[in-house]
Amino acid sequence: MDVTLNPYAAGLQQPGTSKRAWDVGFIGRFQEAKDGDPIRFELTDGAIAEGVVKIVQRDGGVVSYVSGELTAPEKGKFFFLTPPEGGKAGKAVAVIEFPESKIAYRVEPTGTNGDPELWKRRLDEVVCSNMSEADPEWLAEHSSCSCGKPHEIAPLRPDLAPDYVPEHNDEIISLQSYPGARGCVLLDVDGYNLPAGTGWNNGNAYNAASANMTDANVQALWELVSEDYRPFSLNVTTDENVFNSYPKNMRMRCVVSPSSGSTIAPGAGGIAYVTSFKTNDDTPCWVFMSDPKSGGEAASHEVGHTLGLSHDGRKNPDEGYYTGQDNSGAWAPIMGAGYYKPVTHWSRGEYNRANNQEDDLAIMSSATYNVGYRADDHSNSSSGATALARSGTSLSGGGIIERTADQDYFTFTTGGGTVSLNVSTVGRYGNLDIVARLFNSSNALIGTYDTSGGGNLNVSFSASLAAGTYYLQIDGTSSGNPATDGYSDYASLGTFSISGTAPTGAAGVATMFKDCSYGGAAVGLPVGDYNLAALQQRGILNDDISSLTINGGYQVVLYADDNFTGASLTLTASNSCLVGNALGAGNWNDQATSVRVQATNAFSRQLEALVACTRTE
């Protein structure tokens, strides 16, 4: 079914068994209802539901929410509500659940002009309710490795993971994975007062206990969930104020709370209403494990349900949650159960006997949820390659592989000799299996570098290179056979960082420094003209020169614009800080976009010409 006609379609694996028209005004029949009143209404195909009303809520004196318990045709529960404006659920919301027969009924906007219809569905297409908790014995056995409890805490991104606890956040460390993203997921670990009138707890209010996690464990859980959602425009946060700054139809609260004593879903590892991210009513999803690995896997799984995803299981044996137990490699699907494997990905059912071939990435990034992918951070070709930052012989860079077809290009120069590079994903809970490719200035492939073996995500290599300009391509890759012992590159996505060394070129007659007082990254330039592209190839960024040294007999001309245009400043001696050189109302600090290095006397010009001739012989 088309998601443009039915926003619930992404979470469906089978056609509905039956349906009937639903009266938008049905909820109004309970205007005078109260706790204990009998209820009787038609399901589909003439079946009748009977039970009692438990909760009735009114907004401005008008009934807006009704929930209760059912005794016929079997034991179950229901809730009806009038959806708020702005959501995609349509003109009415109703969910009826029968756990014993694993049947549910849901009102969906599939009638003429989006009129509501009541559909009979499989229960797991409406609510995720049977995800088990991780095996505690397995967790204890693996508590010292990167796929269990953390043993060494290191920030995923230091600039985005400040180690502070704001007063408003109830003593919980404040973390954000993507400030300014279109959507938001809150990992709520400090307890939550569920208001009455949701689909949970039979519509009753509920006081969820704190997960009692240390800041170290909160950060570890956040790192796992953040990396799973790294490709998307989603800000995974632990900060209540950040969550509240987003509109209701662009946010999801994931409550992490102990399972002991919980009446939300006793015995489950987590639970969520499928497609609920878009319903605009702040209905949360739940996780009942606080171990960073198992709790993080469950959180990504349950949020995935709210974004329309169904379970990844197998046809034979008939199971709802594939844990990778038949995969001899390191992989399991997130929408199965990823507790026991170090690498977990979004999936499209490429493993043997998969019961679900839905395209997880396409569903979550679709217009249904208005989240979409992040903007691509680096060019997919050498023509727009990003210059690796250089400090002496050291090189560095980084980025994100956001989509299956994404390839990020970087460029660097070397004076000739051994170049060594390391490309790594995050320190733990990584998804990106990296392949690096090295090209010369003519785009001829020099080498492909990929560490074999499932779970070996990072790459290190060395190459002996002649002096010149080179390109480095970073891509996500596969491992083994997706059907039996590995995974494809479909969801090999996420964060990477680049570090390494390359010999510098000629020392040059002028040296550009990133900071004042001849500090920061330093790049020597021989006589020549350097537009922005040429500067970037040598590791000098736009508007990033703050001081420079100039050898005797030479001068440097700085230009405010590319290709030697705009305002200019001619320097014949070293300058420790360009702040003191006026450029209009500002100064020349961090203003240079193109540069000329020139000889100023006859001897220098003759020497430079001699050097140039020697280079061509």
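Chemist: What is the right way to read the environment of Ser 67 from this model?
Modeler: Position of Ser 67 among the secondary structure elements: in strand 4 (residues 62-72). Put simply, Ser 67 and Leu 81 are 14 residues apart on the chain and 8.6 Å apart in space, counted from C-alpha to C-alpha. Non-local contacts of Ser 67, meaning those with residues more than four positions away in its chain, are made with Val 53, Lys 54, Ile 55, Phe 78, Phe 79, Asn 202 and Gly 203. Of note is the side chain of Ser 67, whose polar atom sits 3.4 Å from the side chain of Tyr 65. At 3.1 Å, the side chain of Ser 67 forms a polar contact with the backbone oxygen of Asn 202.

Chemist: Explain the pattern of salt bridges here, please?
Modeler: For side chains of opposite charge, pairing can occur when their charged atoms come near one another. Under the criterion given, the structure shown has 20 salt bridges. A salt bridge links Asp 35 to Lys 54; the nearest nitrogen and oxygen atoms lie 3.9 Å apart. Separated by 19 residues along the polypeptide, Asp 35 in the loop between strand 1 (19-21) and strand 2 (38-42) and Lys 54 in strand 3 (residues 48-59) bring together distant segments of the chain. A salt bridge links Arg 253 to Glu 240, with the nearest nitrogen and oxygen atoms 2.8 Å apart. Note that Arg 253 is positioned in strand 14 (residues 251-256) and Glu 240 in helix 3 (residues 240-244), a separation of 13 residues in sequence. The buried category is assigned to Arg 253, whose relative accessible area is 9%.

Chemist: What's the story with the sheet that holds strand 5 (residues 76-81) in this structure? I'm lost.
Modeler: Strand pairing in a sheet relies on backbone hydrogen bonds. The paired strands run either parallel or antiparallel. Taking strand neighbours across the sheet as the criterion, the eight strands line up as 1-8-7-6-5-4-3-2 in an open arrangement whose pairing is antiparallel. Looking at which strands have only one partner, the edges of the open sheet turn out to be strand 1 and strand 2. Taking each pair of neighbouring strands and ignoring which way they run, the sheet shows an average axis angle of 25°.

Chemist: Would you mind going over unusual backbone geometry with me for this structure?
Modeler: Keep in mind that most residues, glycine aside, have a negative phi and that most peptide bonds are trans. Omega for the bond connecting Ala 72 with Pro 73 falls within 30 degrees of zero, at 5°, which places this linkage in the cis form. Along the chain, the position of Pro 73 falls in the loop between strand 4 and strand 5. Look at the link from Asn 316 to Pro 317: it is a cis peptide, with omega at 0°. Its place among the elements puts Pro 317 in the loop between helix 4 (292-306) and strand 17 (331-333).

Chemist: Where do I start with the side chain of Thr 414 in this structure?
Modeler: Among the structural elements, Thr 414 can be located in strand 22 (residues 407-414). Here the side chain of Thr 414 touches Gly 416 through a polar contact of 3.1 Å, landing on its backbone nitrogen. Polar side-chain contacts of Thr 414 include one of 3.5 Å to the backbone oxygen of Pro 503. Beyond its immediate chain neighbours, meaning those up to four positions away, Thr 414 contacts Arg 390, Val 419, Leu 465, Ala 466, Ala 467, Gly 468, Tyr 470, Ala 502 and Pro 503.

Chemist: Honestly, the sheet that holds strand 24 (residues 434-440) in this entry has me stumped. Any pointers?
Modeler: Taken together, the five strands give an open sheet; going across it, the order is 19-22-27-24-25, and neighbouring strands pair in mixed fashion. In this open sheet, the two strands that pair with only one neighbour each are strand 19 (386-387) and strand 25 (445-450). Where strand 22 meets strand 27 (residues 468-476), eight bridges bridge the pair, whose relative direction is antiparallel. The residue of strand 27 that forms the bridge with Gln 407 is Asp 475.

Reading guide: rules and limits
- Residues numbered from 1 in each chain as written.
- Predicted model: local features only at pLDDT ≥ 70, side-chain atom pairs only at ≥ 80, totals over all residues.
- Heavy atoms only, no water.
- Helix = DSSP H or I, 4+ residues; strand = E, 2+ residues; numbered from the N terminus.
- Contact = heavy atoms within 4.5 Å.
- Polar contact = N/O pair within 3.5 Å; in protein donor to acceptor, adjacent residues only side chain to side chain.
- Salt bridge = Lys/Arg side-chain N within 4 Å of Asp/Glu carboxyl O.
- Buried < 20%, exposed > 50% of the residue type's maximum accessible area, 1.4 Å probe, protein only.
- Pairing = 2+ DSSP bridges.
- Axes fitted to C-alpha atoms, helices over the stretch in contact; angles between N-to-C directions.

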